[in-house]
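Close look at the chain arrangement
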Amino acid sequence: MTTPFQHPEDTPLTLRPFQNADAEAVAALVTAGMRGHWTYRPEQFCESTDPQYRRLVALHGDHIVATAHLFPFGPATPDALRLDLAGDGVAFTPLYLALLAGLPAGFTRMLGVTREDFPETMGFFHAAGFRNAWQSWGAHLDLAAFDPAPFQPLEERLFLSGYETQQLDDEAPGSDWDVLHQLHQLGLRDAPRNPTTTPEPLTRDGLRETIRRGEAAFVTRWRGQIIASTRLSVEGTEVESEQTVTHPEHRAHGVATALKAHALGWARAAGYTHAGTGGTVLNLPMLRVNARLGYHPSPLWITWERLA
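Reading the values: the criteria
- Residues numbered from 1 in each chain as written.
- Predicted model: local features only at pLDDT ≥ 70, side-chain atom pairs only at ≥ 80, totals over all residues.
- Heavy atoms only, no water.
- Buried < 20%, exposed > 50% of the residue type's maximum accessible area, 1.4 Å probe, protein only.
- Helix = DSSP H or I, 4+ residues; strand = E, 2+ residues; numbered from the N terminus.
- Arc of directions from axis to C-beta.
- Contact = heavy atoms within 4.5 Å.
- Salt bridge = Lys/Arg side-chain N within 4 Å of Asp/Glu carboxyl O.
- Core = buried A, V, L, I, M, F, W, Y, C linked by side-chain atoms within 4.5 Å.
- 1 Å grid on protein atoms, 1.4 Å probe; cavity = no way out; pocket = protein on both sides within 12 Å on 5 of 7 lines; lining within 4 Å.
- Points joined across faces, edges and corners; volume = space filled by probe spheres on them.
- Nonpolar A, V, L, I, M, F, W, Y, C, P; charged D, E, K, R; others polar.

For helix H8 (residues 284-293), the complete set of buried residues consists of Met-286, Val-289, Asn-290 and Leu-293. Here the buried residues of H8 occupy an arc of 95 degrees about the axis, which is enough to place them on one side. Every exposed residue of H8 that faces more than 90 degrees away from the buried side is listed here: Ala-291 and Arg-292. Here the buried face of H8 lies against strand E7 (131-142), strand E11 (238-246), helix H7 (255-269) and strand E12 (274-280). Looking at the residues trailing H8, positive phi occurs at Gly-294, about 100 degrees.

Take a look at the structure:
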């Protein structure tokens, strides 16, 4: 079923459900909406028969000019739907109203995520009655300009106190993977978070498989026992921090700073050119760590909320 509406310039636009043939156009719109921060491929978009996953497109003549996607936000927020929008902002309100006409049952709120310097989506969420509920930060580092030398004195001081930083070998004993998973769970428990920055809980085997598939894991040992960890996911020439955790008994000694500096030094030596990281603005300790390492913050990501 299609729904016509009038463009402000009296140019008719039409709404209809997404079709597989739309994938290339929709991928281009979503990529453009992210200002190149992420690149989306047509194969990432396909028709769904699940009523909880709805995507609409808006057409101007035969050309797709906007899209809206409504779907469950994720296991960390099982009561929330996520609304994503891309393309011509004039089409956002009609797309949104069309989605509201068929909301799936069992959800109590709707969330939207956009960056503070994306005016078309920021303006929509504000006008549609969403509230600015949470803020997240992203930051980037040019690894070609990163110098690990200033962090060597810190690493040496920690070494003299019994700390040693290293990359976790894929063939590490099972006891190391057990402790790594315990740190993963500790990070889930202790780290400040919001719906956008809540990492996916992983089982022990799931964590190990995730690292094997495309990550590098680094740990700090104290007298042989792992007491801190950080992970870098790798894609192309870039790395991204995935979780940095220090056991509470070893915090506030510079362990996380030295560990992340070691990981970034590895990435630089391995030929990676850029590093990224991010998290909620509530995580002040990690914000300070990344500032010391030389990361340059980007505009904030805003999570908007409205009761469904």
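Additional details are given in the paragraphs that follow.
Our focus in this paragraph is the pattern of salt bridges. In a structure, side chains of opposite charge can pair up when their charged atoms sit close to one another. Under the definition given, this model contains 15 salt bridges. Ionic pairing is found between Glu-43 and Arg-41, a salt bridge with its closest N-O pair at 3.1 Å. Taking relative accessible area as the criterion, Glu-43 reaches 58% and is therefore assigned exposed. Arg-109 is paired through a salt bridge with Asp-79; the nearest N and O atoms lie 3.0 Å apart. In this pair, Arg-109 is assigned in strand E6 (residues 109-115) and Asp-79 in the loop between strand E4 (63-72) and strand E5 (80-87), connecting sequence segments 30 residues apart. Its relative accessible area of 14% is what places Arg-109 among the buried residues. Each member of the salt-bridge network shares a partner with another, and the members are Asp-79, Arg-109, Arg-131 and Glu-305.

Take the nonpolar core next. For soluble globular proteins, the rule of thumb is that nonpolar side chains tend to be buried together. Among the nonpolar cores identified, the biggest contains 29 residues, and Leu-143 and Leu-264 are the most heavily contacted of them. Put simply, the parts of the chain that give this core at least two residues each are E7, helix H4 (152-160), strand E9 (215-222), strand E10 (225-235), H7 and H8. Apart from the residues lying within four places of it in its own chain, the contact partners of Leu-143 are Val-239, Leu-264, Ala-267, Arg-268, Tyr-272, Thr-273, His-274 and Ala-275. Counting 25 residues, the second largest nonpolar core, distinct from the first, contains Leu-56, Leu-81, Met-110 and Met-122.

A separate point is the layout of surface pockets. Think of a ball as big as a water molecule: rolled over the atoms, this probe shows where empty space is left. The computed volume of the second largest pocket comes to approximately 290 Å³. Together, 13 residues line the second largest pocket, and Cys-46, Glu-47, Ser-48, Tyr-53 and Arg-55 are the ones closest to its centre. Among the elements that make up the lining of the second largest pocket, the one with the highest residue count is strand E3 (residues 54-60) (three residues). When grouped by side-chain class, the residues that make up the lining of the second largest pocket number six nonpolar, four polar and three charged.

Right, let's get into unusual backbone geometry. A positive phi angle, near 55 degrees, is found at Arg-223, a position not held by glycine. Here Arg-223 shows up in the loop between E9 and E10. Overall, Arg-223 belongs to the exposed group, its relative accessible area being 67%. Phi at Ala-252 takes a positive value of approximately 70 degrees, unusual for a residue other than glycine. For Ala-252, the position within the fold is in the loop between E11 and H7.

Fair warning: the whole summary comes from geometry, so function is off the table for now.
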